[in-house]
Amino acid sequence: MTSTRNPAGIRLVDLTLTHGRRPAVHHVSGHFAPGSLTAVVGPNGAGKTTLLRALAGLHKPESGTIAQDGTARIALLPQLAALDRAFPIACLDVVMQGLWPRLGAFRAASTQDRARATQALAAVGLDGFEKRPVGSLSAGQTQRLLFARLLVQDADILLLDEPFNAVDARTSADLLRLVREWHGQGRTVVAVLHDLDLVAREFPETLLIARDAIAWGPTAQALTAGNRLKARMMAEAWSDEAEVCDRAA
Ligand SMILES: Nc1ncnc2c1ncn2[C@@H]1O[C@H](COP(=O)(O)OP(=O)(O)OP(=O)(O)O)[C@@H](O)[C@H]1O
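The structure displayed is predicted, hence computed values, not measured ones.

Notes on the site of the ligand
(1) Moving on: Around the ligand, the surrounding shell consists of His-19, Ala-24, Gly-42, Asn-44, Gly-45, Ala-46, Gly-47, Lys-48, Thr-49 and Thr-50.
(2) Moving on: With three residues, helix α1 (residues 48-55) is the largest single contributor of residues to the shell around the ligand.

Quick look at the structure:
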């Protein structure tokens, strides 16, 4: 399920993202280097999910730019809660969704495509789950399923929104192994996380964000007590009424 990697990073220049006129991410600049493994951390409401969606091209910048270093395939793992588990769809069909961008609107899936999806299910520990309805899975199994959908996308840049949230320890360990493998293959991985111990152990780079970027660099330097305090104080100082500023004015 691997191919020659296309090392790809993403550069942010003075990026501001809003919901309406309310800022979610404020004048952030920096670089997710090709092949880097970066945690995005910060208080609730800090703009982490909004940033990830913008990196995936799903949220248009209010101002500033998001530029890839080259042409790269990007795949997003949304938060588990974003999946409609009441929708009657079988596991294999969820994984097949990951092939849609390459199949296009009109080409039907081939036997090979189905075999790839079946292999991806096996790779995340869900062999034999092809026909199981999504609604019958546990949270951990559902997250494994979403990782299988990511696997078939064979992306150069992987964006993971709280990939280990609400899943059991065994599932976390298995999925973490996959993240390490992706990093080892030279893919660029950006993950929103809340568990700072896990970040310190496993993620070489960290972006600490509280609407503004508080720190971005090697994890030990980004996650100092001083920076964490600053992020907390910024979050406490936010006004829900604040509108986006115009630095050019
Ligand atoms: N669809 C939306 N409409 C309006 N405001 C939104 C929307 N989505 C997010 N926001 C607001 O934008 C800000 C950033 O939200 P975001 O979900 O990006 O934060 P987060 O850091 O991912 O938070 P959490 O850690 O709680 O998941 C918050 O103030 C949030 O209320």
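Remarks on the confidence of the model for the protein
(1) Moving on: For the protein, mean pLDDT is 90; residues scoring 70 or higher make up 93% of the total.
(2) Moving on: The complex prediction reports pTM at 0.92, with the ipTM value standing at 0.97.

Regarding the sheet that holds strand β1 (residues 10-19)
Either a parallel or an antiparallel arrangement is found when strands of a sheet pair, and the pairing is made through backbone hydrogen bonds.
(1) Moving on: Read from one edge of the open sheet, three strands run β2-β1-β4, paired in antiparallel fashion. Each of the sheet's edge strands pairs with one partner strand only, and the pair in question is β2 (22-32) and β4 (63-68). Neighbour-to-neighbour, the strand axes of the sheet open up by a mean angle of 25°, direction not taken into account.
(2) Moving on: Relative to β2, β1 runs antiparallel, the two being bridged by seven bridges. Along β2, the bridge assignment pairs Leu-12 with Gly-30.
(3) Moving on: Seen against the sheet, α1 touches β1, β2 and β4 and runs at an angle of roughly 120° to β1.

Some points on unusual backbone geometry
(1) Moving on: The backbone of His-27 sits at a positive phi, close to 50°, despite the residue not being glycine.
(2) Moving on: With 18 C-beta atoms counted inside 10 Å, the residue His-27 sits in the partly exposed group.

Let's talk about the packing of helix α5 (residues 139-153) against helix α6 (residues 169-184)
(1) Moving on: Relative orientation of the contacting elements α5 and α6 amounts to 10°, with a least axis distance of 10 Å. By the angle between their axes, α5 is roughly parallel relative to α6. Here Gly-140, Gln-143, Arg-144 and Phe-147 of α5 come into contact with α6, specifically with Thr-171, Leu-175 and Leu-178.
(2) Moving on: Partitioning the contact of α5 with α6 into residue classes produces three nonpolar, three polar and one charged.

Conventions and cut-offs
Residues numbered from 1 in each chain as written. Predicted model: local features only at pLDDT ≥ 70, side-chain atom pairs only at ≥ 80, totals over all residues. Near = placed C-beta within 6 Å. Helix = DSSP H or I, 4+ residues; strand = E, 2+ residues; numbered from the N terminus. pLDDT = per-residue confidence, 0-100. Pairing = 2+ DSSP bridges. Axes fitted to C-alpha atoms, helices over the stretch in contact; angles between N-to-C directions. Contact = placed C-beta atoms within 7 Å. Buried ≥ 20, exposed ≤ 12 C-beta atoms within 10 Å, placed from the backbone. Parallel < 35°, antiparallel > 145°, perpendicular 65-115°, else oblique. Nonpolar A, V, L, I, M, F, W, Y, C, P; charged D, E, K, R; others polar.

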